[in-house]
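The residues making up each chain are set out below.
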Amino acid sequence: MISHWPTHQEIDINVPISVEHGLQLRSQRGEIVKNWWGRGLLAAMDSTAVKEELDAGKRYARKGQIEWMECSESTVKASVQGRDDKPYTVTIAFKALPGAAWTAVLTELSQRLDLCGAILGGSMPEDVQALFERHDAAVLPADPPHSTCDCERTERPCRHMLAVACLVADRVDTRPLLLFELRGLPQEQFMTRLRELWNLPLPDVDDADVPQPSERSVTGYYRRPDVEPETQPTAPPKVDVLAKLGIPQFFNQDDQTSLQTLRKLYHDHIRR
Ligand SMILES: [Zn+2]
């Protein structure tokens, strides 16, 4: 009987070195993401990939081959353990929207409390996409982001880039504000600028008592394991949006009926 000795290529595909505290995807089978913006972002990153690399990238992501991932100023940087002893460094640089586009989008968004509440609650109605388009902008990138990996594979995007793309899409799928950050608007600025548009005071020390969308900044979600390992997928945030945002100035604060309606509106969107 002739036994089959695996080729180098086959070993490379199937047996990356295991990672003890790798970052995990929510989905272990089927689609990586389920929401339109997560799908759209993933499509922008993997549309030019060859199937073999795409399949391997998904497998790497589901196996937890990504040791850490950081997101800062439209750029994602991650460490992916492959078959070599030394993990590969991947960067994915997204194109930020111009400041003027963000100003126009936020100005209109500030008048749509339903959409603000939904976004803060981890959802994004398709109306948001139309809102961006009215200002000649797009919430999703039209072109593949500029990506790099220091591996020696000839395929681009390589499986390591694609594994990171899966993880980015997974995180964005429950946190639209992370997508905004990748498009050039840090999460903190989203809150600050809405408050400015509503003529609300900036947060003070009392805000420490108010539930936050996350106890950690967007940049810190996926820290290196030697700082704080994150091995479990993060759940969508549950927040009291009305308490978080305050009450827009154009609302009559003595009008309890309207306030109750506003609060219900926020909460209805958060539950979706
Ligand atoms: Zn690579």
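Asks: Would you mind showing me how to read the packing of aromatic side chains here?
Replies: For any pair of aromatic rings, geometry is given as the distance between the ring centres together with the angle between the planes. Applying the stated criterion across every chain yields a total of five aromatic pairs. Residues W102 and F132 carry aromatic rings whose centres are separated by 5.5 Å and whose planes lie at 85° to one another, so their mutual orientation is edge-to-face. Placement of W102 in helix α4 (residues 99–109) and of F132 in helix α6 (residues 127–133) is noted, with a sequence separation of 30 residues between them. With respect to class, W102 is no different from F132; both count as buried. With 5.8 Å between their ring centres and 55° between their planes, F132 and F180 make a pair best called tilted. In this pair, F132 sits in helix α6 while F180 sits in helix α8 (residues 176–182), placing the two residues 48 residues apart along the sequence. Classification of F132 as buried rests on a relative accessible area of 0%. Ring pairs connect the aromatic residues W102, F132, F180 and F190, which therefore count as one cluster.

Asks: Just checking my understanding: could you explain the nonpolar core for this structure?
Replies: Soluble, globular proteins show a tendency: their nonpolar side chains are buried together. Residues V164, V168, F180 and F190 are the most contacted members of the largest nonpolar core, which totals 62 residues. The element contributing the most residues to this core is helix α7 (residues 159–174), with nine residues. The residues that make up this core include at least three from each of domain 1 (17–95 + 143–175 + 221–239) and domain 2 (99–140 + 179–212 + 240–272). Sequence-distant contacts of V164, that is, excluding residues within four places in its chain, are made with I66, M69, V76, A78, V80, V90 and I92.

Asks: I tried to follow α7 on my own but got confused; where do I start?
Replies: Because each turn of an α-helix spans 3.6 residues, side chains separated by three or four positions end up pointing in the same direction. End to end, α7 covers 24 Å across 16 residues, agreeing with the expected 22 Å (1.5 Å per residue, within 8%). For α7, the buried fraction is high: 16 of the 16 residues fall into the buried class.

Asks: In this structure, what is going on with the confidence of the model for the protein? I would like to understand it.
Replies: Reading fine detail from the predicted coordinates is not recommended where pLDDT is low. With 69% of its residues at a pLDDT of 70 or more, the protein has an overall mean of 82. Low confidence marks residues 224–229, where pLDDT is under 50. Its contacts with residues over four positions away, or in another chain, come to eight contacts.

Asks: How should I be thinking about the sheet that holds strand β2 (residues 75–80) in this particular structure?
Replies: The pairing of strands in a sheet happens through backbone hydrogen bonds and is either parallel or antiparallel. Read from one edge of the open sheet, four strands run β1-β2-β3-β4, paired in antiparallel fashion. Strands with a single pairing partner mark the edges of an open sheet, and in this sheet they are β1 (66–72) and β4 (146–149). Going from strand to strand, the sheet's axes swing by 10° on average, the running direction of each strand aside. Note that strand β3 (residues 88–93) and β4 share four bridges and pair antiparallel. The residue of β4 that forms the bridge with I92 is S147.

Asks: Whenever I open this one, the side chain of E53 confuses me. Can you help?
Replies: By secondary structure assignment, the location of E53 is in helix α3 (residues 51–63). Taking the relative accessible area as the measure of exposure, E53 reaches 0% and is therefore buried. Separated by 2.8 Å, the side chains of E53 and R159 make a polar contact. The contact partners of E53, leaving out residues within four places of it in the chain, are R153, E155, P157, C158, R159 and L162.

Criteria and thresholds
- Residues numbered from 1 in each chain as written.
- Predicted model: local features only at pLDDT ≥ 70, side-chain atom pairs only at ≥ 80, totals over all residues.
- Heavy atoms only, no water.
- Phe/Tyr/Trp six-rings, centres within 6.5 Å; stacked < 30°, edge-to-face > 60°.
- Helix = DSSP H or I, 4+ residues; strand = E, 2+ residues; numbered from the N terminus.
- Buried < 20%, exposed > 50% of the residue type's maximum accessible area, 1.4 Å probe, protein only.
- Core = buried A, V, L, I, M, F, W, Y, C linked by side-chain atoms within 4.5 Å.
- Domains from an automatic or database assignment.
- Contact = heavy atoms within 4.5 Å.
- Expected span 1.5 Å × (residues − 1).
- pLDDT = per-residue confidence, 0-100.
- Pairing = 2+ DSSP bridges.
- Axes fitted to C-alpha atoms, helices over the stretch in contact; angles between N-to-C directions.
- Polar contact = N/O pair within 3.5 Å; in protein donor to acceptor, adjacent residues only side chain to side chain.

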